[in-house]
Amino acid sequence: MTGGVDLHVHTTASDGQLSPTSVIRKAQALGLATIAITDHDTTEGIEEALAAARGSGLQVIPGVEISTDMPRAEVHILGYYVAYGDPFLRDKLSLFRDSRLGRAQRMVAKLARLGVSLEWKRVQEIANGAAVGRPHVARAMLEKGYVSSIHEAFDLYIGRNGPAYEDRFKLSPAEAVRMILMANGLPVLAHPLQVHHSVPELCAAGLVGLEAYYTGYAPDETDFLLSLAARHGLLATGGSDFHGEDGWPENKLGALAIPPNVVDSLRARHERTRASSSGSSLQPNTN
Ligand code: AMP
Ligand code: FE
Ligand code: FE
Ligand code: ZN
């Protein structure tokens, strides 16, 4: 399939397995038209991705995915066309990443008490300067044979209700929506199926879209989300949540049937927002 769209993609800047350049090369080999780079709590992979795609037919939308919490569920807010170089945004994201470091260390300590002995140094090597996440800890566990897959590490130890789970500082979903808006981005609720009840509250905070097309969503689930989006005047977006080849075999880059007009609508909204916020101190996106 050529001309495909994928608006939810991770790189080694967070917990993805391919570098930004490798992700771009893969998207080009697949003949995709548009991808968005949406790393967890970081925009550090975006410049490399833009540079790798420059001059080719592949359009790259700068983005980010902010992890937030509600009492019983994790809520992820995507931000498209964020002013990724803005110092205020970068400072905030770097605070989130700092809190990820301490939290990963606490998980390693908890795992040790459960008989899973990992070296903190090795987890850091695996993360290699990225926004450190549970998948990096999971890979260290896999490497030492404590689990047979990344999924098993989550199921047995570091999933939200697992014995080695540790929390960290997170914004509320509405705060993340406002933070994306302040960075001139378009906030979109990621993989919303389990958390769609938060849509009215997030709309009040300024949400502009809903990820209706997502890996594993059945056609009737996508239809439900499309009508929910329409009811609330939200844009529908979609993406695979690609993280690399191993670990998440079902999240395939560019494999979803996402209509190209999703990108047109998002871009049009971005252009309108940019026009109405000209004069802001944030740097404009150049993409
Ligand atoms: P963190 O950002 O450190 O809280 O880790 C969350 C990330 O772990 C998600 O973005 C996914 O990449 C991954 N993840 C979450 N749950 C699972 C699971 N059950 N199996 C495999 N990976 C998961
Ligand atoms: Fe992830
Ligand atoms: Fe997510
Ligand atoms: Zn994601």
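So, here is what we can say about the structure in this document. Here the structure is a predicted model, which means the values were calculated and not measured.

Points about the nonpolar core
Counting 65 residues, the largest nonpolar core has Leu7, Ile35, Val60, Tyr80 and Leu189 as the members making the most contacts within it. Those residues within four positions of Ile35 in sequence are excluded, and the remaining contacts are Asp6, Leu7, Val9, Val23, Ile24, Ala27, Leu58, Gln59, Val60 and Ile61. Leu111, Ile126, Val147 and Ala153 belong to the second largest nonpolar core, which has 22 residues in total.

Concerning the coordination of the iron ion (ligand 2)
At this site the iron ion (ligand 2) is bound by Asp15 (OD), His40 (NE2) and His243 (NE2), with donor distances of 2.1 to 2.3 Å. Each donor residue of the iron ion (ligand 2) lies on the same chain, and together they follow the pattern D-x24-H-x202-H. In this structure, the iron ion (ligand 2) is positioned 5.8 Å from the iron ion (ligand 3). You can see Asp15 sitting in the loop between strand E1 (5-9) and helix H1 (20-29) and its partner His243 sitting in the loop between strand E7 (235-239) and helix H10 (261-276), a full 228 residues away along the chain. Owing to a relative accessible area of 5%, His243 belongs among the buried residues under this scheme.

As for the side chain of Glu166
Relative to the assigned elements, Glu166 resides in the loop between helix H6 (150-158) and helix H7 (173-182). Looking at Glu166, the relative accessible area reads 17%, which means it is buried. A distance of 2.7 Å separates polar atoms of two side chains, one belonging to Glu166 and the other to Arg106. With near-sequence residues (within four places) excluded, Glu166 lies in contact with Arg103, Arg106, Met107 and Lys110.

A few points about unusual backbone geometry
With a phi close to 55°, Asp41 is a non-glycine residue in the positive phi region. Within the secondary structure layout, Asp41 lies in the loop between strand E2 (34-37) and helix H2 (46-53). Residues other than glycine seldom take positive phi values, yet Asn128 does so here, at roughly 50°. For Asn128, a relative accessible area of 66% puts it in the exposed group.

Observations concerning the pairing of E1
Across the five residues of E1, five count as buried, placing the element largely inside the fold. Sheet topology places E1 next to E2; three bridges connect them, and they run parallel. Across the sheet, the residue bridging to Val5 is Thr34, located in E2. Note on the crossover from E1 through H1 to E2: the handedness is right-handed.

Digging into the site of ligand 1
The local shell around ligand 1 holds 13 residues, among which His40, Arg103, Arg134, His151 and His243 are the closest. Separating an oxygen atom of ligand 1 from a side-chain N or O atom of Asp15 is a distance of 3.1 Å. For ligand 1, the accessible surface in isolation is 500 Å², of which the surrounding protein chains cover 82%. Among the secondary structure elements, those contributing two or more residues to the shell around ligand 1 are helix H3 (87-113), helix H5 (134-143) and H6. Sorting elements by how many residues they give to the shell around ligand 1 places H6 first, with three residues. Considering only residue class, the shell around ligand 1 consists of four nonpolar, four polar and five charged.

What to know about the environment of Met70
Looking at the element boundaries, Met70 is found in the loop between strand E3 (59-69) and strand E4 (74-80). Residue classification places Met70 among the partly exposed residues on the basis of a relative accessible area of 24%. Separated by twelve residues in sequence, Met70 and Val82 have C-alpha atoms that sit 24 Å apart. Excluding residues that lie within four positions of it along the chain, Met70 makes contacts with Val75, Arg160, Pro173, Val195 and Ser198.

Calculation criteria
- Residues numbered from 1 in each chain as written.
- Chains lettered and ligands numbered in written order.
- Predicted model: local features only at pLDDT ≥ 70, side-chain atom pairs only at ≥ 80, totals over all residues.
- Heavy atoms only, no water.
- Core = buried A, V, L, I, M, F, W, Y, C linked by side-chain atoms within 4.5 Å.
- Buried < 20%, exposed > 50% of the residue type's maximum accessible area, 1.4 Å probe, protein only.
- Contact = heavy atoms within 4.5 Å.
- Donors = N, O, S within 2.8 Å, 3.2 Å for Na, K, Ca; no water.
- Helix = DSSP H or I, 4+ residues; strand = E, 2+ residues; numbered from the N terminus.
- Polar contact = N/O pair within 3.5 Å; in protein donor to acceptor, adjacent residues only side chain to side chain.
- Pairing = 2+ DSSP bridges.
- Right-handed = clockwise from strand over helix to strand, strands pointing away.
- Near = heavy atom within 4 Å.
- Areas by Shrake-Rupley, 256 points an atom, 1.4 Å probe, with all protein chains shown as cover.
- Nonpolar A, V, L, I, M, F, W, Y, C, P; charged D, E, K, R; others polar.

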